[in-house]
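Summary of the model geometry
Listed below are the residues making up each chain.
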2 protein chains.
Amino acid sequence: MTHPCYCIALRKVSRRLTAVYDEAFAPLGITVSQFSQLRNIKHKQPVSLTELADILELDRSTVGRNTKVLHRMNLVAMTPSPEDQRETMLTLTDEAITLLKRATPIWNDVQQRIEAKLEAAEFDRLIGALGDL
Amino acid sequence: MTHPCYCIALRKVSRRLTAVYDEAFAPLGITVSQFSQLRNIKHKQPVSLTELADILELDRSTVGRNTKVLHRMNLVAMTPSPEDQRETMLTLTDEAITLLKRATPIWNDVQQRIEAKLEAAEFDRLIGALGDL
DNA sequence: TCAATTTACAGGTATATACCCGCATCATGA
DNA sequence: TCATGATGCGGGTATATACCTGTAAATTGA
């Protein structure tokens, strides 16, 4: 065991980093995962669950469940597509727009705080290397 | 948005890497998370839930629930500590010992496969930088 | 010694995540 | 046109994870 498990090490820092972002977003009542989903919906709306799952690189059923939470929170509207009755199209509510406006500076702060801790270029290389597995 | 969200990027590669390890371990019926927990119990047994949670950097309740699964799988024995009636001491079963013997070469293979994709030193630096947040 | 505090854990609740199955809808080819 | 197959989604089940609360056991201080 020269090196510890890459996966376990990565999972640890992932949990840790998630906690940092989540704590920053806590006053707004959202998690970093929800922030990310909202931001992606904003950029692609109206967007279907399948499409969003592709973007987020998450299982469709995962996105479906996560979306239901955001829907309950009055942040995402779910309407059946007029073209394809099977599709659910997602759009942001006004409340979500407002929330994103308040969340973005918080996100910027955390990003900068992280950036101060690491070489961004190094980070990118590593994410890239692990990205095409 | 010069840089994408560090947290989301990290969560993505974490999920991806987890899938790689989990797929490799699948024939043995365990996940990389369970492999890690078993290995840590092996090195520290008999170990309490609280102690193990500290080692794994996980919430105590999380370790409690994960352990219950391993217990159901007949991989971990849970016995009350003689000294402290509150403590549950964990030890590996023979079955777990056997399983770890079969899992280790699989783990080594995956580790090497990952190592071929990245600079291990770079990985270490990054994990370190993100580790002390 | 005994009340107050701390510690160890279980269980409730919640999000995040994946896989599988079934159902409804859409598309396609004979 | 109509059977066949592909697609989109919901729900079931399961692990992984955290926070909070309650309970029991241990420790400690007056």
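All of the points below concern the structure found in this document. Nothing here was measured: the structure is a model prediction, and the numbers come from that model.

Here is what the cut-offs are and how they apply
Residues numbered from 1 in each chain as written. Chains lettered and ligands numbered in written order. Predicted model: local features only at pLDDT ≥ 70, side-chain atom pairs only at ≥ 80, totals over all residues. Helix = DSSP H or I, 4+ residues; strand = E, 2+ residues; numbered from the N terminus. Buried ≥ 20, exposed ≤ 12 C-beta atoms within 10 Å, placed from the backbone. Contact = placed C-beta atoms within 7 Å. Pairing = 2+ DSSP bridges. Near = placed C-beta within 6 Å. Nonpolar A, V, L, I, M, F, W, Y, C, P; charged D, E, K, R; others polar. Least-squares fit on C-alpha atoms with pLDDT ≥ 70 in both. Axes fitted to C-alpha atoms, helices over the stretch in contact; angles between N-to-C directions. Left-handed = near helix turned anticlockwise from the far one by under 90°. Expected span 1.5 Å × (residues − 1). Arc of directions from axis to C-beta.

Let's shift gears to the overall build of chain A. A count of helices and strands for chain A gives 6 helices and 3 strands. Buried positions account for 29% of the 133 residues belonging to chain A. Summarising the internal contacts of chain A: among those between residues at least 6 apart in sequence, 46% fall at separations of at least 24.

Looking now at the pairing of strand 3 (residues 88-92) of chain A. Remember that side chains alternate between the two faces of the sheet whenever the strand is regular. Residues and elements named next belong to chain A. Summarising the sheet, strand 1 (residues 47-48) and strand 3 pair through 2 bridges and their orientation is antiparallel. Bridge pairing in strand 3 places Val47 opposite Leu90. Summarising the sheet, strand 2 (residues 76-80) and strand 3 pair through 5 bridges and their orientation is antiparallel. Looking at the pairing, Val76 lines up with Leu92 of strand 3.

The subject of this paragraph is the protein's contact with DNA strand C. Every one of the 24 residues lining DNA strand C counts as a neighbour, but Ser33, Asp59, Ser61 and Gln85 of chain A together with Thr50 of chain B are closest to it. Taken together, the elements giving at least two residues each to the surface near DNA strand C come down to helix 2 (32-44) and helix 4 (60-72) of chain A together with helix 1 (6-25), helix 3 (49-56) and helix 4 (60-72) of chain B. Per-class residue counts for the surface near DNA strand C are 3 nonpolar, 12 polar and 9 charged.

Next up on the list: the relation of the copies chain A and chain B. With an RMSD of 0.0 Å, the operation that places chain A on chain B is a rotation of 180 degrees combined with a shift of 0.0 Å along the axis. Taken together, the rotation and translation relating the two chain copies correspond to the operation of a two-fold axis. A high fraction, 100%, of the interface residues of chain A reappear at the interface in chain B, so the copies pair face to face through one surface.

What follows covers the packing of helix 1 of chain B against helix 5 (residues 94-115) of chain B. All names here are of chain B. For the pair helix 1 and helix 5, interaxial distance at closest approach is 10 Å and the crossing angle is 145 degrees. Our pair here, helix 1 against helix 5, has a crossing hand that is right-handed. The segment helix 1 lies against helix 5, with Val20, Tyr21, Ala24 and Phe25 engaging Ala103, Ile106 and Val110. In terms of residue class, the contact of helix 1 with helix 5 is built from 7 nonpolar, no polar and no charged.

Turning to the interface of chain A and chain B, a few remarks are in order. Contact with chain A, which involves 33 residues of that partner, is made by 33 residues of chain B. Among the elements of the structure, helix 1 (6-25), helix 2, helix 5 (94-115) and helix 6 (120-131) of chain A are those that each provide at least two residues to the side of chain A that touches chain B. Counting residues per element, the side of chain A that touches chain B draws most heavily on helix 1 of chain A, which supplies 14 residues. Considered class by class, the residues forming the side of chain A that touches chain B number 20 nonpolar, 6 polar and 7 charged.

Further remarks concern the sheet that holds strand 3 of chain A. All names here are of chain A. In space, the 3 strands of this open sheet follow the order 1-3-2, with antiparallel pairing throughout. One side of each edge strand has no neighbouring strand; the edge strands of this open sheet are strand 1 and strand 2. With respect to the sheet, helix 4 is in contact with strand 2 and strand 3, its orientation differing from that of strand 2 by roughly 115 degrees.

Looking now at helix 4 of chain B. Residues and elements named next belong to chain B. The terminal C-alpha atoms of helix 4 lie 18 Å apart, and with 13 residues this matches the ideal 18 Å at 1.5 Å per residue to within 8%. Those residues of helix 4 lying buried are Val63, Asn66, Thr67 and Leu70. Angular distribution of buried residues about the axis of helix 4 spans 105 degrees; they occupy a single face of the element. Opposite the buried face of helix 4, by more than 90 degrees, sit the exposed residues Ser61, Arg65, Lys68 and Arg72. Check the buried side of helix 4 and you find it contacts helix 2 (32-44), helix 3, strand 2 (76-80) and strand 3 (88-92). Residue Asn74 follows helix 4 closely and has a positive phi angle near 65 degrees.

Moving on: the protein's contact with DNA strand D. Not every one of the 24 residues close to DNA strand D is listed here, only the nearest: Thr50 of chain A together with Ser33, Asp59, Ser61 and Gln85 of chain B. Listed by contribution, the elements that provide at least two residues to the surface near DNA strand D are helix 1, helix 3 (49-56) and helix 4 of chain A together with helix 2 and helix 4 of chain B. Tallying contributions element by element places helix 4 of chain B first for the surface near DNA strand D, with 5 residues. Looking at the surface near DNA strand D residue by residue, the class counts come to 3 nonpolar, 12 polar and 9 charged.

All names here are of chain A. Inspection of the secondary structure puts Phe25 in helix 1. In this structure Phe25 comes out as buried when scored by C-beta crowding, with 21 C-beta atoms within 10 Å. Separated by 82 residues in the primary sequence, Phe25 and Trp107 place their C-alpha atoms 7.9 Å from one another. When residues no more than four places from it in sequence are discounted, the contact partners of Phe25 are Ile30, Thr31, Val32, Phe35, Ala103 and Ile106.

Don't take any of this as a statement about function, it's just geometry.
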